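Residue-level structure breakdown
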Amino acid sequence: MGGWSARHRWTAVGSWLLFVVLALVIGSMAGRVDLTDREEVPGEFGQAVAILDDAGLNDEPAGEMVLVQAAGGSLQATDPAFRAVVGEVVAAVEGTGQVASVQSPYDVGAISEDGRSVLVRFDMRGDPQTAPDRVEPVVEAVSGVQDKHKDLKVEQFGAASSEKVFNDAFGSDFQRAEYSALPVALGILLIAFGALVAALLPVLLAMTAFLATTGLVAVVSHAVHMSDTANSVMLLVGLAVGVDYCLFYLRREREEREAGHDAQTALRIAAATSGRAVLVSGVTVIVAMAGMLFTGIGDFKAMGLATMMVVAVAMFGSVTVLPALLSLLGERVEKGRIPFLRRRRGRGTGGESRVWRAILGAVLRRPVVAAAVAGGALVALAVPAVGLNTANLTLSQELGDGLPVVRAYEDINKAFPGGPDPAQVVVKASDITSPEVRQAIDAFSRAAVAEGASPGPVKTELHEKEGVAVLKVPLTGGTDEEKAEASLKVLRDEVRPGTLGGVAGLTAPIGGSTAASMDFTDKIGDAVPPVFAFVVAFAFLLMLLSFRSLTIAVTSIVLNLLSVGAAYGILTIVFQHGWGAGLVGAEGVGAIVAWLPLFLFVILFGLSMDYHVFVVSRIREARMRGLTTQGAIKHGITTTAGVVTSAAVIMVAVFAIFGTLSMQSMKQMGVGLAAAVLIDATVIRGVLLPAVMSLLGERNWYLPKWLGWLPDMTHDEAAVAPAPVRQATAPAPVEPSGVGR
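A quick note: this is a predicted structure, and the numbers were derived from the prediction, not measured.

About the cut-offs
Residues numbered from 1 in each chain as written. Predicted model: local features only at pLDDT ≥ 70, side-chain atom pairs only at ≥ 80, totals over all residues. Heavy atoms only, no water. Helix = DSSP H or I, 4+ residues; strand = E, 2+ residues; numbered from the N terminus. Rg over C-alpha atoms; globule rule 2.2 N^0.38 Å. Buried < 20%, exposed > 50% of the residue type's maximum accessible area, 1.4 Å probe, protein only. Contact = heavy atoms within 4.5 Å. Areas by Shrake-Rupley, 256 points an atom, 1.4 Å probe, with all protein chains shown as cover. Lys, Arg positive; Asp, Glu negative; His and termini not counted. Charge placed at Lys NZ, Arg CZ, Asp CG, Glu CD. Salt bridge = Lys/Arg side-chain N within 4 Å of Asp/Glu carboxyl O. Core = buried A, V, L, I, M, F, W, Y, C linked by side-chain atoms within 4.5 Å. pLDDT = per-residue confidence, 0-100. Patch = residues over 30% accessible without salt bridge, like charges linked within 9 Å, V, L, I, M, F, W, Y side chains within 5 Å. Pairing = 2+ DSSP bridges. Axes fitted to C-alpha atoms, helices over the stretch in contact; angles between N-to-C directions. Parallel < 35°, antiparallel > 145°, perpendicular 65-115°, else oblique. Nonpolar A, V, L, I, M, F, W, Y, C, P; charged D, E, K, R; others polar.

1. What about the overall build of the protein chain?
Within the protein chain one finds 24 helices and ten strands. Relative to the compact-globule value of 27 Å for 741 residues, the protein chain shows a C-alpha radius of gyration of 30 Å, a close match. Here the protein chain holds 741 residues, and 56% of them are scored as buried. Residue pairs in contact within the protein chain that sit at least 24 positions apart in sequence constitute 80% of those at least 6 positions apart. For the protein chain, the exposed surface amounts to about 29,700 Å²; the carbon and sulfur share of it is 60%. The averaged location of the 69 negative side-chain charges in the protein chain is 16 Å from the averaged location of its 58 positive side-chain charges.

This is the structure:
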């Protein structure tokens, strides 16, 4: 592939550009189809949404409420001064022209038990999906009333206003990360290569791969629905692997030219060695990302498919258009040299890193000590993960309690126990008006309060034409997630079976925000065993086939699990126990967001295998040239350590950006990814891997005879003209047991 691209360079480059343009055009014509609510969260919540969708009841307008509360003094809700402020709120929201069905609290009895708080309820006009985009004038009108009456609390909360705040935080966070990622990556590449053209190539490849995949994803979304989150994760992973693949390929080509090969030979060697490693690594990353498809959660399936596609496109571009570009540029790849970053590349170093040569020398002299210290440190870091506690973060945990909408949510819950987000019991029956069904609904409402699951009142909305009744049940516990979930379990496991369960043909899934949170967490928990088993098993199989060594396959899995375990431990220490949490603005969180451990496992396992394949491929290549295992380890690690470090620094810097964002889930993701990649590229690949391989010696290449039937997917790198390896006396070339053809 590399040879063809180099010989037909204009055809290869033109075909790649045509592919990117066509993918974007076709994608824009097709349009992206996004996930629906029923797909995002499975379980009873999804069932409840599906019933409402099928009945056309999810098109109801977005509801909002304004809390007017006497914060101190003797003022009561029935006093004329208080009533006047409520009247101002009603007039202000109606004056925006964006609301309908405004309810006076005095007409509907929305007055708190202590008589000091009221709720003004209303609906947003128009499509509820676009309500967050149109709610700003209403929020400003309510704020205007608050500004005039400092002695009262006048706060707004609702579906549209809360979603707007969340979307603004999520959108601005990812936008900030996306805008920062490219300059950061380019800056580090400039330092790594010292030349503008060489630094631009990885970024251009990664971005064109991302753009092409964006178009392809839009087409695929008509079969598997996508989301904004999937698109952002696709950019993150696409940038990481695209830059990595190009970096490894380009560094190898430069190294071979510096060793004395002509440009075409250097390119051929890079294609046969680093190009193959790109393919093995890409397939391994794709397999890891495929684990997300087993979760059954819409967002994870979307992220999994999108990242698999961007890795495949980046991998394909790396082994086709990249050789063509390098052939076209030739020596011009060194253009745009940065004077202060000019490197002194001594002849005869073989591209080896002096720093890592010194570190590796110490490791190989005392491999037992190095393995014990590095392995012990990683195990110590991983130990806190045993007590890892996951939870769906509340609004105040996710966004902080300084936002007006968060304060409003908590104040409404205190004044009106049960919170502003009640559970929704969606009752579906062939005859919703039958006496049997009506009696069962009434019995459920009474039992919910009697069993302590709800403080009441339970409100029933009957939709005779659609055959659906919706019971809105305030949950005991309100914004306290643990207590609210306990109340929900009582409704599902005790109240519902004893009341609605006896009616034939009746279904009554219970939804609402608490149900969505609990169902999502349960589904994530159920998905962990199959996802972990799938990713580990297939990664093991790929390593076994690619290197034809049982030992390498086993050690690769163990080392990657150590890396992931250390990342979990760091997350637990920082975000659960609060050690150093103030450094990233995460005080008081006390839990790890529920989706993060599974997400991190899949992403980190894929990226860790990325590095592992490149390093071990270089070790194997040196071994097949005739070096001893010890000599091959030294050569392989020192020649790849610099480029692995450069690639890791880019990813750590990009992921660290997420650690500075406002949303706690983004902070946790950024810290977890950055810490794991840093550990993996330094402690794992630079210390533990060479120490373990040194201790294993020739057993690194062990393949049992009973596995001899496995297909041979190795590549005979020894057939490629090697760059001179200046190493201590080496034995004649031999093929290690179980390796190669």
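2. A short note on the pattern of salt bridges
If you walk through the whole model with that rule in mind, you get 17 salt bridges. A salt bridge links aspartate 411 to lysine 153, with the nearest nitrogen and oxygen atoms 3.3 Å apart. Taken together, the residues span a long stretch of sequence, with aspartate 411 in helix H17 (residues 404-415) and lysine 153 in strand S4 (residues 152-158) at a distance of 258 residues. The class for aspartate 411 is buried, based on a relative accessible area of 10%. The salt bridge partner of glutamate 698 is arginine 623, with a shortest N-O separation of 3.1 Å.

3. A closer look at the nonpolar core
When a protein is soluble and globular, its nonpolar side chains tend to lie buried together. With 185 residues, the main nonpolar core has Phe300, Trp595, Leu596, Phe599, Tyr611 and Met669 as its most contacted residues. Excluding residues that lie within four positions of it along the chain, leucine 596 makes contacts with Leu571, Gln668 and Met669. The next biggest cluster of nonpolar side chains, apart from the first, holds 29 residues, and it includes Ile441, Ala448, Ile510 and Met518.

4. Observations concerning the confidence of the model for the protein chain
Taken over all residues, the pLDDT of the protein chain has a mean of 83, while the share at 70 or more is 91%. Note that pLDDT drops below 50 for residues 343-350; the model gives that stretch 16 contacts with residues more than four away or on any other chain. Low pLDDT (under 50) marks residues 723-741, which in the prediction has 51 contacts with non-local residues, meaning those over four places away or in another chain.

5. A word on a nonpolar patch on the surface
A surface patch of nonpolar side chains, about 350 Å² in accessible area, is lined by Leu18, Leu22, Ile26 and Val219. If one sorts the elements of the nonpolar patch by residue count, helix H2 (residues 9-30) sits on top with three residues. Residue placement: valine 219 occurs in helix H10 (residues 196-220). Taking the relative accessible area as the measure of exposure, valine 219 reaches 39% and is therefore partly exposed.

6. Observations regarding the sheet that holds S4
Pairing in this open sheet of four strands is antiparallel, and the strands run S2-S3-S1-S4 from one edge to the other. On the outer flanks of this sheet lie strand S2 (99-103) and S4, each paired with one strand and no other. The mean angle between the axes of side-by-side strands here comes to 20 degrees, regardless of whether they run parallel or antiparallel. Inspection of the sheet shows strand S1 (residues 63-70) paired to strand S3 (residues 117-124) by seven bridges, in the antiparallel sense. Its bridge partner being in S3, glycine 63 is matched across the sheet by aspartate 123. Strands S1, S2, S3 and S4 of the sheet are contacted by helix H8 (residues 136-148), whose axis makes an angle of about 170 degrees with S4. Each of S1, S3 and S4 touches H17; the most contacted strand, S4, lies at about 105 degrees to it.

7. Observations regarding the pairing of strand S6 (residues 423-428)
Summarising the sheet, S6 and strand S8 (residues 468-473) pair through six bridges and their orientation is antiparallel. Paired with valine 426 across the bridge in S8 is valine 470. As defined by bridge partners, S6 adjoins strand S9 (residues 510-511) across two bridges and the pair is classed as antiparallel. Its bridge partner lying in S9, glutamine 424 is registered against glycine 511.

8. A few points about the sheet that holds strand S7 (residues 459-463)
Taken in spatial order, the four strands make up an open sheet running S7-S8-S6-S9, and their pairing is antiparallel. Two strands lie at the open edges of the sheet, namely S7 and S9, each paired on one side alone.

9. A few points about the pairing of S8
Along any regular strand, the residues point their side chains to alternate faces of the sheet. Of all the six residues making up S8, five are buried; the element is thus mostly covered by neighbouring parts of the structure. Pairing analysis gives five bridges linking S7 to S8, with the strands arranged antiparallel. Bridge pairing links histidine 463 to valine 468 in S8. The hairpin formed by S7 and S8 contains four residues between the paired strands, and glycine 467 there has a positive phi angle of roughly 70 degrees.

10. Describing the packing of helix H4 (residues 43-54) against helix H20 (residues 513-547)
One can describe the packing of H4 onto H20 by two numbers: an axis separation of 7 Å at closest approach and a directional angle of 130 degrees. Looking at the two axes, H4 sits oblique to H20. Judged by residue contacts, Gly43, Glu44 and Phe45 of H4 engage Ala515, Ala516 and Asp519 from H20. When the residues that make up the contact of H4 with H20 are grouped by side-chain class, the tally is three nonpolar, one polar and two charged.

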